[in-house]
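# Reading the structure
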Amino acid sequence: MKASVFCVVYMCCILHSNGKEVSDTSHIIPLYRDPSPKNQPWRPYFHFRPPKNWLNDPNGPMYYKGVYHLFYQYNPYGSIFNKTILWGHSVSHDLVNWIHLKNAIVPTKPFDINSCWSGSTTILPGNKPVVLYTGLDSKNQQVQNLAMPKNLSDPFLKEWKKYSGNPIMTPPHGVKPDNFRDPSTAWRGKDGNWRVVVGGLRNNLGVAILYRSKDFVHWSLHDEPLYFGKNTNIWECPDFYPVSTNSRDGIENSAIGINLKYVLKASFKSHDYYTIGSYDADKEKFLPDDHKVLIGSTSDLRYDYGKFYASKTFFDSVKNRRILWGWINESDSSTDDIKKQWAGLQSIPRQVYLDSTRRQLIQWPVKETEKLREKHVSYFGKKLKRESLFEVSGITASQVDIEVSFMLPKLEEVEVLDPKRNDPQLLCSAKTSSVIGGAGPFGLLLMASRDLTEQTAVFFRVFKDNHNHQFVVLMCSDQRRSSLRQGIDKTTYGAFIYINHKDKMISLRSLVDNSVIESFGAEGRACITARVYPKFSVYNEAHVYAFNNGSLDVVIRRLDAWSMKKAKGN
Ligand code: DQQ
């Protein structure tokens, strides 16, 4: 590959803030762009990432004075994770096009000199955002620090200052100095006091350690954690928020009222696990609806069954919704990342709300993502016979938003689920897209070469679960043939989606962005994100097909596909 040539681009912008036009370039930093995209076949163009270097967790997303802010764990000096991690900062008006600002929170003080790690924002009364973040102090202890904007009249919040009394929380008794991190967004109780949880490990239990404060500066430890999990290792990036039981609207973190349930999420063992329950504010306890949860078992609910970690939600007060961001890591090697000069990206922001069963969340790409749709093709009522496929042509298959609804075949004739094989990921590895079944496998072949030697199959297979007297759809993302390159993690991912015997259809939406495929099954009831690095099926050599390898015919009720534009800032 020819060496990349980088040139300096100064981004100019006009942002609209509170109806006013703001023409301000003082905050804008020089960005390095590869002028020749031919050298970057795996670079995503509509997923968020800064132009260069390493990125991991999303930090403190928020909406402030007409502007969306996203901070992120960033190494400004290279494309690997090391001791120079700090808070990168970008802003947007639509969650799609981004402007990269100068770094917001940078290691400078004894309480964060060895890195500024993850944390969250909270909007205090009077519309005053503050940040709680983890500092690695001069002794490499993890401590919690407070930071605030220097100038609240600046909608970009370009400058941040650190509270002089930092740290405001140090590792409590029983928590090792390297097991105490990632403060959540705080919420306020009826008594007017603030609460926040910090992730940790205590007595071998993953914990959401609870603190309370009157003034957001002085915090006292509550003797019991908000909740804990066994065999999980440390809980990273805990998130705790209310969801409405009767609408898709988001709920502000401090809201109190009826028709609410609560979500507790913890990141551990490379996945983001969540559970739904209630919050007993008097006892300061989270009470999950199902007690055998957050232990990292295959029956735990996950935001995403592929690559997606250290996520964070925020309440979007202007559109009354809750939005989720998650870090999507690379699946290639560090040597590849050094060559590429970038590593890591954020998921498409997803709106989250409670499913009508109230037993799980639904996730769906924010509506604004559709702004990037351009050339459109659609198909209706297309029959897919056994062992057949057809190409969805006329769009850019390497950058596409594709949505398809399949009519389910007669459910009486589907395979029976073996109760001993109830790990969806293992089941997807055994029953691949080429293993003929009854109803399924059917789905999409993405980033595929014309001869199909390279392809990522995202597909469904329907089972009867006699044990639970239900039908269940296995959703798989099969990366085994995603690339003819060696040295790439090609793990297959899988998730179960329980359906009603009256359900007539199942939908699949995939957002393909060169090396990332984010897939949403059954209208967002299961999500799987995969990274793929094809050797040949890149740019115009990439194709997309719909296929059926089940013995029962499947009908595509409707398929829509749109080529996707590059987002600004990518
Ligand atoms: N990433 C941060 C930590 C967090 C971890 C460091 C999760 O604060 O626990 O970059 O990916």
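Here the structure is a predicted model, which means the values were calculated and not measured. Every chain's residues receive numbers from 1 upward, in the order its sequence appears when written. This being a predicted model, a pLDDT of at least 70 is required before a residue's local features are given, and a value of 80 or more before pairs of side-chain atoms are given or counted; all residues contribute to the totals for chains, interfaces and linings. The basis for every side-chain value is the complete set of heavy atoms in the structure, and neither hydrogens nor water enter the calculation.

Attention shifts here to the overall build of the protein. To qualify as a helix, a DSSP run of H or I must reach at least 4 residues; to qualify as a strand, a run of E must reach at least 2; elements of each kind are numbered from the N terminus. The number of helices and strands found in the protein is two helices and 42 strands. Here the globule rule is a power law, 2.2 Å times the number of residues to the power 0.38, and the radius of gyration is based on C-alpha atoms. Taking 25 Å as the expected radius of gyration for a compact globule of 570 residues, we find that the protein reaches 23 Å, a close match to that expectation. With respect to the three principal axes, the spread of C-alpha positions in the protein is 70 × 55 × 45 Å. Here the term buried applies to any residue with accessible area under 20% of the maximum for its type, exposed to any over 50%, and partly exposed to those in between, with areas from a 1.4 Å probe on protein chains only. Across the 570 residues of the protein, 62% fall into the buried class. Nonlocal contacts in the protein, meaning residues at least 24 apart in sequence, comprise 64% of its contacts between residues at least 6 apart. Carbon together with sulfur atoms contributes 51% to the accessible area of the protein, which is approximately 22500 Å² in total. Only four residue types enter the charge count: Lys and Arg as positive, Asp and Glu as negative, with His and the chain ends excluded. Charge coordinates come from a single atom per side chain, which is NZ of Lys, CZ of Arg, CG of Asp or CD of Glu. With 74 positive and 57 negative side-chain charges, the protein shows a spacing of 1 Å between the two charge centroids. In what follows, a contact means two residues having at least one pair of non-hydrogen atoms within 4.5 Å. Note on areas: Shrake-Rupley with a 1.4 Å probe; residue coverage comes only from the protein chains shown.

Asn56, Asp57, Gln73, Phe81, Trp117, Ser118, Arg181, Asp182, Glu236, Tyr309, Ala310 and Trp327 make up every residue found near the ligand. Two N or O atoms form a polar contact when they lie within 3.5 Å of each other; inside protein one atom must be a possible hydrogen donor and the other a possible acceptor, and for residues adjacent in sequence the pair counts only when both atoms belong to side chains. The separation between an oxygen atom of the ligand and a polar side-chain atom of Gln73 is 2.7 Å. In the model, an oxygen atom of the ligand is placed 2.5 Å from a nitrogen or oxygen of the Asp182 side chain. The protein chains hide 94% of the 310 Å² of surface that the ligand would expose on its own. Every element with two or more residues in the shell around the ligand is listed here: strand 5 (53–64), strand 9 (116–124) and strand 24 (309–316). Any residue with a heavy atom positioned within 4 Å of a molecule or strand is treated as near that molecule or strand.

So, on to the domain arrangement of the protein. These domain boundaries are the output of an automatic or database domain assignment. According to the domain assignment, the protein consists of domain 1 (1–33 + 50–170), domain 2 (171–302) and domain 3 (373–564). When two components associate, each loses some accessible surface as probed by a 1.4 Å sphere; the sum of these losses over both components is called the buried area. Roughly 1800 Å² is buried in total at the junction of domain 1 and domain 2, and carbon and sulfur atoms are behind 64% of that figure. Contact with domain 2 buries area across many residues of domain 1, yet Leu132, Gln142 and Met169 alone supply 30% of it, more than any other trio. Counting across the interface, domain 1 meets domain 2 through ten residue pairs in polar contact (both at pLDDT 80 or more). Mapped by element, the contributors of at least two residues to the side of domain 1 that touches domain 2 are strand 9, strand 10 (128–136) and strand 11 (142–149). At eight residues, strand 9 tops the list of elements feeding residues into the side of domain 1 that touches domain 2.

Looking at the element boundaries, Phe240 is found in strand 19 (residues 236–244). It is 14 Å that separates the C-alpha atoms of Phe240 and Tyr353, two residues lying 113 residues apart in sequence.

A separate point is the nonpolar core. Formed by 47 residues in total, the largest nonpolar core has its most connected members in Val392, Phe406, Phe460, Val462, Ile497, Ile506 and Leu559. Residues in contact with Leu559, not counting those within four places in the same chain, are Val377, Ser378, Tyr379, Phe390, Val392, Ile402, Glu403 and Val404. Among the buried residues, those of types Ala, Val, Leu, Ile, Met, Phe, Trp, Tyr and Cys that are joined through side-chain atoms within 4.5 Å form a nonpolar core.

This part is about the packing of aromatic side chains. For Phe, Tyr and Trp, where Trp contributes only its six-membered ring, two rings pair if their centres lie within 6.5 Å, and the inter-plane angle classes them as stacked under 30 degrees, edge-to-face over 60, or tilted in between. Considering all chains together, one arrives at 36 aromatic pairs under this definition. Plain terms: the ring middles of Tyr379 and Phe390 are 5.1 Å apart, the flat faces sit at 65° to each other, and that makes the pair edge-to-face. Placement of the pair is Tyr379 in strand 30 (residues 373–384) and Phe390 in strand 31 (residues 388–391), with a sequence separation of eleven residues. With 6.2 Å between their ring centres and 70° between their planes, Phe459 and Phe547 make a pair best called edge-to-face. A residue pair is termed long-range when its members are at least 10 positions apart, and Phe459 in strand 35 (residues 456–465) and Phe547 in strand 41 (residues 543–548) qualify at 88 residues. Its relative accessible area of 0% is what places Phe459 among the buried residues. In this structure Phe547 comes out as buried when scored by relative accessible area, which is 3%.

For the rest of this paragraph, the subject is the state of the cysteines. Disulfides are covalent bonds that connect the sulfur atoms of two cysteines. The criterion for a disulfide is a pair of cysteine sulfur atoms lying within 2.5 Å. One pass over the structure, following the stated rule, counts one disulfide. One disulfide bridge connects Cys428 with Cys476, the sulfur atoms lying 2.1 Å from each other. Here the S-S torsion is close to -80°, and the disulfide linking Cys428 with Cys476 is therefore left-handed. In this pair, Cys428 sits in helix 2 (residues 424–430) while Cys476 sits in strand 36 (residues 470–478), placing the two residues 48 residues apart along the sequence. Exposure class is identical for Cys428 and Cys476. Each is buried. With no disulfide partner, Cys116 has as its closest neighbouring cysteine sulfur the one in Cys237, 15 Å distant. The closest cysteine sulfur to the non-disulfide-bonded Cys527 is located on Cys428, 15 Å from its own sulfur.

Let us now look at the sheet that holds strand 42 (residues 554–564). Pairs of strands are assigned from DSSP output, requiring at least two bridges between the strands. Ordered by their spatial adjacency, six strands build an open sheet running 30-42-32-38-39-40, and the pairing between neighbours is antiparallel. Sheet topology places strand 30 and strand 40 (526–531) at the edges, where each strand pairs with a single neighbour. Averaged over neighbouring strand pairs, the angle between their axes works out to 15° when direction is ignored. In this structure, strand 38 (residues 505–513) lies alongside strand 39 (residues 516–521), joined through six bridges in antiparallel fashion. Its bridge partner being in strand 39, Ser510 is matched across the sheet by Ser519. Axis definition: a line fit to C-alpha positions, over the contact stretch in the case of helices; interaxial angles, taken between N-to-C directions, run 0 to 180 degrees.

A separate point is the sheet that holds strand 26 (residues 342–343). The mixed open sheet is built from five strands, whose spatial order is 8-7-6-5-26. Either end of the sheet is taken by a strand with one partner, and the two such strands are strand 8 (98–105) and strand 26. Where strand 5 meets strand 26, two bridges bridge the pair, whose relative direction is parallel. The residue of strand 26 that forms the bridge with Asn53 is Trp342.

Let's shift gears to the confidence of the model for the protein. A residue's pLDDT is the confidence the predictor assigns to it, expressed on a 0 to 100 scale. The predicted model of the protein averages 92 in pLDDT, with 93% of residues at 70 or higher. Segment residues 1–37: pLDDT under 50, and 81 contacts once partners within four positions in sequence are set aside and those in other chains are kept.

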